[in-house]
Amino acid sequence: MTNRLHHMAFRCRDTEETRAFYEEVIGLELAGALAIEETATGRPVRLLHSFFRLRDGSMVAFFEVPDAPFDFRPQHDFDLHLALDAEPRDVVRANAAAAARGIEVRGPSDHGFIRSTYYRDPNGYVVELAVKTAGHGDFEREGPAAARRVLAEWNRRKAAPADA
């Protein structure tokens, strides 16, 4: 098994806009940036790869590639979102920073084991700050066995005719 997430990378329209959101609203440190002019195979490119560090050392990364079009479109939470483990104080700070910039805040939504607050970054991605609740320990302890039961039931119900 692998150790932990090193980084998850996404495209961005503009690194400075993205930096302002992830540093000033979400609270992640800009940890590094690489200007890349050639791929490992020798193909010329022009891109900036930026990295934002979480408290555990893992990172969220972005590629700005001005010469390569990318169809940015708003994502539904169910399609794609980035959920980050947060403390209540992180959410209070992010909410204030978002309000000061006119960024919509949705939530918190109580999912039982976490309370989630949602923001949309300048690229259209949904970012969730998830605060663990008292029920999170049960979720972690029961996780694998419960997940297999839920998945088996889901597959059984999914295979059944819709009108059954």
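Keep in mind that what you see is a predicted model, and the values were worked out from it rather than measured. (Residues numbered from 1 in each chain as written. Predicted model: local features only at pLDDT ≥ 70, side-chain atom pairs only at ≥ 80, totals over all residues. Heavy atoms only, no water.)

## Quick look at the sheet that holds strand β8 (residues 126-132)
In plain terms, the rule: Any two strands between which DSSP finds at least two bridges are classified as paired. Helix and strand definitions follow DSSP, with helices as H or I runs of at least four residues and strands as E runs of at least two, each counted in order from the N terminus. Lines fitted to the C-alpha atoms define the axes, with helices restricted to the stretch that makes contact. Angles between their N-to-C directions range from 0 to 180 degrees. Here, two residues are considered to be in contact whenever any of their heavy atoms come within 4.5 Å of each other.
Spatially, β5-β8-β7-β6 is the arrangement adopted by the 4 strands of the open sheet, whose pairing is mixed. The open sheet has two edge strands, β5 (81-86) and β6 (105-110), and neither has a second partner. In this sheet, neighbouring strand axes are inclined to one another by 20° on average, regardless of whether the strands run parallel or antiparallel. Examined bridge by bridge, β6 and strand β7 (residues 114-120) share 4 bridges and lie antiparallel to one another. Pairing of Arg-106 across the sheet is with Tyr-118, part of β7. Packed onto the sheet, helix α1 (residues 15-26) meets β5, β7 and β8 and runs at close to 20° relative to β8. Docked against the sheet, helix α2 (residues 88-101) engages β5, β6, β7 and β8, running at close to 25° with respect to β7.

## Things to note about the sheet that holds strand β4 (residues 59-64)
Reading across the sheet, the 4 strands line up as β1-β4-β3-β2 and stay open at both edges, with mixed pairing between neighbours. The open sheet terminates on both sides in strands that have one partner only, identified here as β1 (7-12) and β2 (29-38). Strand-to-strand, the axes of this sheet are offset by a mean angle of 20°, without reference to chain direction. Bridge analysis of β1 against β4 gives 6 bridges, and the strand direction is parallel. Paired with Met-8 across the bridge in β4 is Val-60. The strands touched by α1 within the sheet are β1, β2, β3 (44-53) and β4, with β3 carrying the most contacts at an inclination of about 10°.

## Details of the nonpolar core
This is how it is decided: Definition used in this section: a nonpolar core is a set of buried Ala, Val, Leu, Ile, Met, Phe, Trp, Tyr and Cys residues joined via side-chain atoms within 4.5 Å. Per-residue accessibility, obtained with a 1.4 Å probe over protein chains only, is compared with the maximum for each type, and a residue is labelled buried under 20%, exposed over 50%, and partly exposed between these values.
Membership of the largest hydrophobic core comes to 24 residues, with the highest contact counts inside it found for Tyr-22, Ile-26 and Leu-84. Of all the secondary structure elements, the ones that give two or more residues to this core are β1, α1, β4, β5, α2 and β8. With sequence-adjacent residues up to four places away left out, Leu-84 is seen in contact with Ile-26, Leu-28, Leu-54, Val-60, Val-127, Glu-128, Leu-129 and Ala-130.

## Focus on the packing of aromatic side chains
The criterion, for reference: Pairing of aromatic side chains requires ring centres within 6.5 Å, counting the rings of Phe and Tyr and the six-membered ring of Trp. Pairs whose planes differ by under 30 degrees are stacked, by over 60 edge-to-face, and all others tilted.
Under the criterion given, the structure shown has 6 aromatic pairs. Ring centres of Tyr-22 and Phe-62 lie 5.0 Å apart, and the angle between their planes is 45°; on these two criteria the pair is classed as tilted. Taken as a pair, Tyr-22 in helix α1 and Phe-62 in strand β4 lie far apart in primary sequence, 40 residues in all. Measuring from ring centre to ring centre gives 6.0 Å for Phe-52 and Phe-62, while their planes differ by 75°; the resulting arrangement is edge-to-face. Residue Phe-52 is found in strand β3, and its partner Phe-62 is found in strand β4; the two are separated by 10 residues along the sequence.

In short, the description is geometric, and any link to function would need to be established separately.
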